[in-house]
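Structural features, examined
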Amino acid sequence: METTTLFVGIDTNISLQRNLDKRKKRQIKRTDLIELTPNVSYASYRKDETIIRTYFLKKEVILFVEVTSFIKEMEEIFGICSSDLDVITTNLSHEALIPKFEHVLKEYENQTRHFPILHAYGQKSWHDEALIVANKEALIKLKNAIDVALKYGEGRLSASTSDGEGYDLYVKCLNGDAETNEVWRNLELPYHDREMYAPQEEEVDPYSINSVYSQLLNRQ
C-alpha cells in the first residue's frame, strides 16, 4: 500500500536569520543539504529518530516541510503553514515533488484578493436541513479540497466566516457505508443539538479518522 505524505508551505521571510538558534534549542539538526536547481534546495533534519524532509524555494522564500509528529516545532522555527500551499503525494522523488511545489505556488500567487467566506450550517437533529453558504472563491477551494480528498483520502481549505474569523475546513473521504464499514457504524453523528443527541463514549471522534492531517489536528 502506498504511503501518503503531506508537505506544508511556510513563508520564511521573518525566520531566515533566526532559525539556527531555534533549531539548536529544540535539538533539531540539519543532516543534509543539496542544491537541486538554482531556485530549489533540499534539506533534511533529524529530531530524535525522525527524518524531516524540506524543500526551500529561494525566489519565493517558501519552505515546504514534511509533516511529522514534530510539525509544531518546525512551525515554531520557520513560521506558520498555509493550507493553500498543501502538497499531498505518494511519490517522494525530487522529480515528482518540485513540479507540485511550483504548481501550488503559482496558484497561490494568482489568487484573487477576495478572501474565501464559507458558512457551514449543520443539522440540529435528524432530518433537519444542512446548508453551505459561500462566495465563489470559497466554493472553488472547497471543490479543489474535495478533488484532493477523492484522490488521497483527505483535503483541507482555509476560509473565514463573514465576521473575519478564519478557520480550516477538513474533508475526509470514507468509503463504504454503515453495512460494510465499521467506522461508519460507530462514527459520531453530526447533530449539534445536545438536548436531542449526545455522543456516547464508544462513538468514534470524526477528527480521529484523519491520517494525512492528523499531526496538524493534534495541535489543537
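Model, not experiment: these values are computed from the prediction. (Residues numbered from 1 in each chain as written. Predicted model: local features only at pLDDT ≥ 70, side-chain atom pairs only at ≥ 80, totals over all residues. Heavy atoms only, no water.)

Looking now at the overall build of the protein chain. When its secondary structure is counted, the protein chain shows six helices and ten strands. Based on the C-alpha atoms only, the size of the protein chain along its principal axes is roughly 55 × 40 × 30 Å. Within the span of the protein chain, comprising 220 residues, buried residues form 39% of the whole. Carbon and sulfur atoms make up 50% of the accessible area of the protein chain, which totals about 13,800 Å². (Helix = DSSP H or I, 4+ residues; strand = E, 2+ residues; numbered from the N terminus. Buried < 20%, exposed > 50% of the residue type's maximum accessible area, 1.4 Å probe, protein only. Areas by Shrake-Rupley, 256 points an atom, 1.4 Å probe, with all protein chains shown as cover.)

Before going further, it helps to examine the pairing of strand β10 (residues 166-172). Both strand β9 (residues 154-160) and β10 contribute to a ladder of seven bridges, which runs antiparallel. Within β10, the residue paired with glycine 155 across the bridge is valine 171. Hairpin connection between β9 and β10: a loop of five residues separates the two successive antiparallel strands, and glycine 164 in this loop has a positive phi of roughly 85°. (Pairing = 2+ DSSP bridges.)

Turning next to the packing of aromatic side chains. Counting across every chain of the model gives nine aromatic pairs. Where tyrosine 170 meets tyrosine 213, the ring centres are 5.4 Å apart and the plane angle is 75°; that geometry is what we call edge-to-face. With tyrosine 170 in strand β10 and tyrosine 213 in the loop between α5 (182-186) and α6 (214-217), the pair connects residues that are 43 residues apart, well separated along the chain. Overall, tyrosine 213 belongs to the buried group, its relative accessible area being 1%. Put simply, the rings of Phe7, Tyr42, Tyr55, Phe64 and Phe101 pair up and form one aromatic cluster. (Phe/Tyr/Trp six-rings, centres within 6.5 Å; stacked < 30°, edge-to-face > 60°.)

Another point: the sheet that holds strand β2 (residues 29-35). Taken in spatial order, the six strands of this open sheet run β2-β3-β4-β5-β1-β6, and their pairing is antiparallel. Pairing within the sheet leaves two strands with one partner each, and these edge strands are β2 and β6 (81-89). The average undirected angle you get between the axes of adjacent strands in this sheet is 25°. Summarising the sheet, strand β3 (residues 40-47) and strand β4 (residues 50-57) pair through eight bridges and their orientation is antiparallel. For valine 40, the partnering residue across the bridge sits in β4 and is leucine 57. Of the strands in this sheet, β1 (5-11), β3, β4, β5 (62-66) and β6 are in contact with helix α3 (residues 94-109), which crosses β6 at around 150°. (Axes fitted to C-alpha atoms, helices over the stretch in contact; angles between N-to-C directions. Contact = heavy atoms within 4.5 Å.)

A cluster of nonpolar residues, Tyr121, Leu131 and Val133, forms a patch on the protein surface that exposes about 280 Å² of accessible area. Locating tyrosine 121 in the fold gives a position in strand β7 (residues 118-121). (Patch = residues over 30% accessible without salt bridge, like charges linked within 9 Å, V, L, I, M, F, W, Y side chains within 5 Å. Salt bridge = Lys/Arg side-chain N within 4 Å of Asp/Glu carboxyl O.)

Now for the environment of serine 211. Among the secondary structure elements, serine 211 is positioned in the loop between α5 and α6. Sequence spacing of serine 211 and asparagine 19 is 192 residues, and the spatial spacing of their C-alpha atoms is 28 Å. Excluding residues within four positions of it along the chain, serine 211 makes contact with Glu154 and Lys172.

It is worth spelling out helix α2 (residues 71-78) at this point. Every buried residue of α2 is accounted for by Ile71, Met74, Glu75, Ile77 and Phe78. The buried residues of α2 occupy one face: seen down the axis, they fall within an arc of 160°. (Arc of directions from axis to C-beta.)

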